[in-house]
Amino acid sequence: MIFRRILQHVRQQQWTAIVMDLLIVIAGVFIGTQVSNWNDDRLTNRKAAAFEQRLRSDLREEDWSSQLLLQYSREVLVNAERAASALEGRAVLPDAALLTAAYRATQYRQKLRRRSTYDELISTGAIALIRDPKLRDTAMRVYTSPMWDNIAREGMQSEYRRAFRMSLPNDVQQAVAEACGDKVVPVGDFRAIRNSLDYPCTIDLPPEALADAARSLRSNVALLPLLRLRVADIRTRLRDLTVNNRDILEGLRDVAGGMP
């Protein structure tokens, strides 16, 4: 309609009317573009807010699982040092206590990962939607750092773990695991993190079976050097977590909003 009117004004050489018509067209295009841009910005902001909320939620769970892994590794280390002291003759442990500590020194825990939001942001090239630089940087460092996998891999592949498993009958190992193994920690429960491994327990085995198992551990000359290596490895990984990558853990704590 507007273009037909402009042509009519051109034929009639009504220049003022032509200018007015062109201004109307330009104004319409400008307003339409602005409205479109506004809608696009509104949709982008809404999408960014949704991604940010999801990412923060994921990182809160990452913070919880990081705190769990940190405390769990400390409890493994305490038991490894306790067993090493007994095998070295620097401390006296009853048979059941030695068996429990030596078993718990073999344990490892894989970190629970919640990374679907981050993976979606990276795969779609939408990471720039996370406008909070600290949130974005923390997420990138958390999900690309190998330190979590290193802890689990060293525990899984530990030669001490292998030697311990080969030293004892399977029924003895099963009894120890059932009585003194990992407690279930509900996801997000910070209070349940402590003593998920290092807690009082009673192994359901007769005294002679406990004595035989402890004797096997004490007489295995290969066990103590491997246990010393296990202690050194855990200490290294704890330092990696708490010193070398302290800023990552602190970033997670900030994202979690100072949760206890």
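Attention here is on the structure that accompanies the text. (Residues numbered from 1 in each chain as written. Predicted model: local features only at pLDDT ≥ 70, side-chain atom pairs only at ≥ 80, totals over all residues. Heavy atoms only, no water.)

**Quick look at the overall build of the chain**
Then, in step 1: If you tally the helices and strands in the chain, you get eleven helices and zero strands.
Then, in step 2: Put simply, the chain runs from its N terminus to its C terminus through helices and strands in the order α-α-α-α-α-α-α-α-α-α-α.
Then, in step 3: Counting across all 260 residues of the chain, residues that qualify as buried make up 41%.
Then, in step 4: A separation of at least 24 residues holds for 81% of the contacts in the chain among residues at least 6 apart in sequence.
Then, in step 5: Put simply, the chain shows about 14700 Å² of open surface, and 55% of that area lies on carbon and sulfur atoms. (Helix = DSSP H or I, 4+ residues; strand = E, 2+ residues; numbered from the N terminus. Buried < 20%, exposed > 50% of the residue type's maximum accessible area, 1.4 Å probe, protein only. Contact = heavy atoms within 4.5 Å. Areas by Shrake-Rupley, 256 points an atom, 1.4 Å probe, with all protein chains shown as cover.)

**Digging into the state of the cysteines**
Then, in step 1: Within the structure shown, the criterion is met by one disulfide.
Then, in step 2: A sulfur-sulfur distance of 2.0 Å marks the disulfide that ties Cys180 to Cys201. Judged by the sign of its S-S torsion, about 95°, the cystine formed by Cys180 and Cys201 is right-handed. Residue Cys180 is located in helix 8 (residues 170-180), and its partner Cys201 is located in the loop between helix 8 and helix 9 (207-219); the two are separated by 21 residues in the primary sequence.
Then, in step 3: Among the residues examined, Cys201 registers a relative accessible area of 24% and is labelled partly exposed. (Disulfide = S-S within 2.5 Å.)

**As for unusual backbone geometry**
Then, in step 1: If you check the backbone angles, Asn195 has positive phi at about 60° while not being a glycine.
Then, in step 2: In this fold, Asn195 is placed in the loop between helix 8 and helix 9.

**Here's the deal with the nonpolar core**
Then, in step 1: If you look at the biggest cluster of nonpolar residues, it comprises 60 residues, and the most contacted ones within it are Leu55, Leu59, Leu99, Phe164, Ile203 and Leu217.
Then, in step 2: For this core, the element with the highest residue contribution is helix 2 (residues 15-88), accounting for 13 residues.
Then, in step 3: Residues within four places of Phe164 in sequence aside, it is in contact with Leu99, Ala102, Tyr103, Thr106, Gln173, Leu217 and Leu223.
Then, in step 4: Trp64, Leu68, Val185 and Phe190 belong to the second largest nonpolar core, which has five residues in total. (Core = buried A, V, L, I, M, F, W, Y, C linked by side-chain atoms within 4.5 Å.)

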